[in-house]
Amino acid sequence: MRLPIVLDTCTILNLLRIDEDEFLYKKLIKLKINICQSVFDEANRNVKTKTFSENQRKYISSHTPQLAPFIVRCDEQFEKKYKACIQEFCAYKKENGEFYSTLISLYLCRQKHCRLYFYTDDYPAKCVFDSFFNYQQIGVIGDTIDLLVFLYWSNPDFDQRKLEKYLQNLLSEFATPFKEFHNQFIEKKGRWITRNIKNKILKENLDKIEHGLEGLNFEKIGEGMAYFKNDGKSYKEIKTFLDSYLDINFSGYMVSKIKDTVSSLKRHPIYKMPC
Amino acid sequence: MNIEQLNLKSNPFRLTPSIDSKEIIWAGFPEIKEKIENRIKRSISIPNSSLILNWGEYGSGKTHASRYFNKQEVLEELADTNTIPFSINLSFPKSKDPVKELYTQIIDRINFDELRSRVNEKFHNLKEVMNIITQNTLIRQVLCLLFDNEEDLIGIREYLYGGSFRKLSSKGIIRKLSSDNDYIDLITSLFSLLTYEKKVYSVIILWIDEFEDISILNTSSISNINSFVRSLIDKASNNLLLFLNLTQSAMMDVEDLGEYLQEAVKSRIKERIEFNMPNSLELKEYLEELLNNPLYRDKPCTGSQRFYPFEENVIDQVIKDLGNTSLRRYNEAFSLLLENAIYDGKKNIDIAYYDDIKSEIIGWK
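Since this is a predicted model, take the numbers as computed values, not measurements.

Peer 1: Pulling in residues and values, what's your account of the overall build of chain A?
Peer 2: Of the regular secondary structure elements, chain A holds 13 helices and 4 strands. Relative to its length of 275 residues, chain A is compact, with a C-alpha radius of gyration of 20 Å against a globular reference of 19 Å. On the principal axes, the C-alpha backbone points of chain A span a range of 65 × 45 × 35 Å. Taken over 275 residues, chain A has a buried fraction of 54%. Taken as a whole, chain A presents about 13200 Å² of accessible surface, with 52% of it coming from carbon and sulfur. Side-chain charges in chain A split into 43 positive and 36 negative, and the spacing between the mean points of these groups amounts to 0 Å.

Peer 1: Provide a residue-level description of the packing of aromatic side chains, including the pertinent values.
Peer 2: Residue and element names in this part refer to chain A. Overall, the coordinates contain 39 aromatic pairs over all chains when judged by the stated rule. Geometrically, the ring pair formed by Phe78 and Tyr82 is stacked, given 5.0 Å between the ring centres and 25° between the ring planes. Within this pair, Phe78 and its partner Tyr82 are both found in helix H5 (residues 76-90), separated by 4 residues, close to a single helical turn. Assessed through its relative accessible area of 24%, Tyr82 is described here as partly exposed. Each residue in the set Phe181, Phe185, Trp192, Phe241 and Tyr245 is aromatic and connected to the rest through ring pairs, giving one cluster. One cation-aromatic arrangement involves Lys165 over Tyr166; the distance from NZ or CZ to the ring centre is 5.1 Å. Its guanidinium or amino end placed over the ring of Tyr152, Lys272 lies 4.5 Å from that ring's centre, counting from NZ or CZ.

Peer 1: Go over the pairing of strand S3 (residues 204-209) of chain B, please, and point to the residues and values.
Peer 2: Residue and element names in this part refer to chain B. Most of S3 is tucked away: 6 of the 6 residues are buried. What you see with S3 is no split at all: Ile204, Leu206 and Ile208 on one side and Ile205, Trp207 and Asp209 on the other are buried throughout. Here strand S2 (residues 86-91) pairs with S3 via 6 bridges, running parallel. Within S3, the position partnered with Ser87 by the bridge is Ile205. The sheet contact formed by S3 and strand S4 (residues 240-247) spans 5 bridges and is parallel. Bridged to Ile205 within S4 is Leu241.

Peer 1: Any details on helix H13 (residues 280-291) of chain B? Residues and values, ideally.
Peer 2: Residues and elements named next belong to chain B. Taking 1.5 Å per residue as the helical rise, H13 with its 12 residues ought to reach 16 Å, and the 16 Å between its terminal C-alpha atoms agrees with that figure. All of the buried residues in H13 are Leu283, Lys284, Tyr286, Leu287, Leu290 and Leu291. Looking down the long axis of H13, one finds its buried residues gathered within 160° of arc, a one-sided arrangement.

Peer 1: Summarise the packing of helix H10 (residues 200-215) of chain A against helix H16 (residues 351-362) of chain B; cite the residues concerned and give the values.
Peer 2: Relative orientation and spacing of two packed helices are given, respectively, by the angle between their axes and the distance between those axes. At a minimum axis distance of 7 Å, the contact between H10(A) and H16(B) shows a crossing angle of 40°. When H10(A) is examined against H16(B), the residues A:Lys200, A:Lys203 and A:Asp207 are found in contact with a partner set consisting of B:Ser359, B:Glu360, B:Ile361 and B:Ile362.

Cut-offs applied
- Residues numbered from 1 in each chain as written.
- Chains lettered and ligands numbered in written order.
- Predicted model: local features only at pLDDT ≥ 70, side-chain atom pairs only at ≥ 80, totals over all residues.
- Heavy atoms only, no water.
- Helix = DSSP H or I, 4+ residues; strand = E, 2+ residues; numbered from the N terminus.
- Rg over C-alpha atoms; globule rule 2.2 N^0.38 Å.
- Buried < 20%, exposed > 50% of the residue type's maximum accessible area, 1.4 Å probe, protein only.
- Areas by Shrake-Rupley, 256 points an atom, 1.4 Å probe, with all protein chains shown as cover.
- Lys, Arg positive; Asp, Glu negative; His and termini not counted.
- Charge placed at Lys NZ, Arg CZ, Asp CG, Glu CD.
- Phe/Tyr/Trp six-rings, centres within 6.5 Å; stacked < 30°, edge-to-face > 60°.
- Lys NZ or Arg CZ within 6 Å of the ring centre and 35° of its normal.
- Pairing = 2+ DSSP bridges.
- Expected span 1.5 Å × (residues − 1).
- Arc of directions from axis to C-beta.
- Axes fitted to C-alpha atoms, helices over the stretch in contact; angles between N-to-C directions.
- Contact = heavy atoms within 4.5 Å.

If you want it as structure tokens, here you go:
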């Protein structure tokens, strides 16, 4: 039995941006995929605003409209009641794609009497909704890397070489902004310290970010960034710079997870049924 | 108080290497310097192409080395009585069209006016040389026009940057440069011409910085970069010296490189020069040479004052406190010490003062 899959905007866009000749797209639509209206709208809107190459933009925008048949609408009464329930349980006020994906996940799970997979690359959202998924026993929240691995073992023509290729291409998408952030940070760091020569805490937190970037230690990067974000008044320039790379810690996390997955593939093959 | 009162013209400790070549000096680390010098000297006198890896952690001085060995006076000194090399520093391409980006960077770095006069001064039979260096008739014609004093250089440069061939069609240019092969053919033929019999230049030196970024490219760009490096070495089989700077990091370890370089490229690597973390002796040698370089001090301080304004025991203590770390971190610590001393009006940085502000200097580790 194929379990239902709920897709978030970022996962749809990340999968399509690395796709070639509909290899991944065709495999994706063969699954029992479901999306909420907000995700459908966001995907079609974000393709115009996010940083894609021209080829990627063309490819993605020719495919996202085709996802319309997979839109799921909940029963009105259910929606009213459980929107409030999720908001209260998760202390989450935004009504965005991740929020409605969680709502339709609960709905589908109960309708179909089965657990399901919700794929999102929005790490903060995953953290917020994980406990709700667990409490309601809806299923599992995964990301694009998990989805690629699933597509790999469930399709006979998807070999390990292709999986490694798609993982490398996905890594490239996340690592490029991460590296750009690192380079810019190093360039600016010296100036920020010199201007605040007696500010010990400033240096300490800049050092945390630098060490974190060099060692892919996201806890350290997060700690350092939080300090400047919490005191935006004193560190206007630093905060503005950090705000322009809002998703950087998540990009780094994805880079690290892809590298670990690729490295594990060499030692521990993912079992695939012989054809 | 200002820095002159510490007998320095400016702060010698930089976190990132200067772009102004006048400010690029070499201090300490004689072994690394000698290894690179030997490679360049060898290439100046011997007609074969080599690929060298410079390997080290963040802030270990690889970018600085590439800028230092791009200085005209440094290259002239290494050439001695031989023809000088032609050296170009390249950044690792960030776009999804890496070969075109490298090609454009190379064209950007070339002063074609100067090159034209040098080529015409050395070759009186340019067409014959062209016939020897390339079989590609389009590339041959482009190079002929490029070095023909009668031709308008602006029009040809426009063409090199991807402009239309229409204006040049009457001169035998019948199509645009469009594929990676075109760019590689043009670059390698140009390099072969410039180093033919070591007449115009003895060797072309290319430094590609941040080569570790190959690990963050997509698979097709990784393959294109490999083809670019392989073709450069294959097609410009004489008089090309290629330095690839690689940073060892959590993103890329020495073992990982093999996964991104094709066998054909790996087999062409002649030497690996390691930029290790500095030990105490190396660091003190570096500091003494840096602080007393004429760029920062007209008259060197000697004897017990050779590290002025730092006392030697302060340096020992900083080394002990920072431990095994990169040169950039040491530069950062000494820069901060210096800036703090100026701020606090201290003419001598002694151990008592260092202990006082140590937490501001060392910070979080």
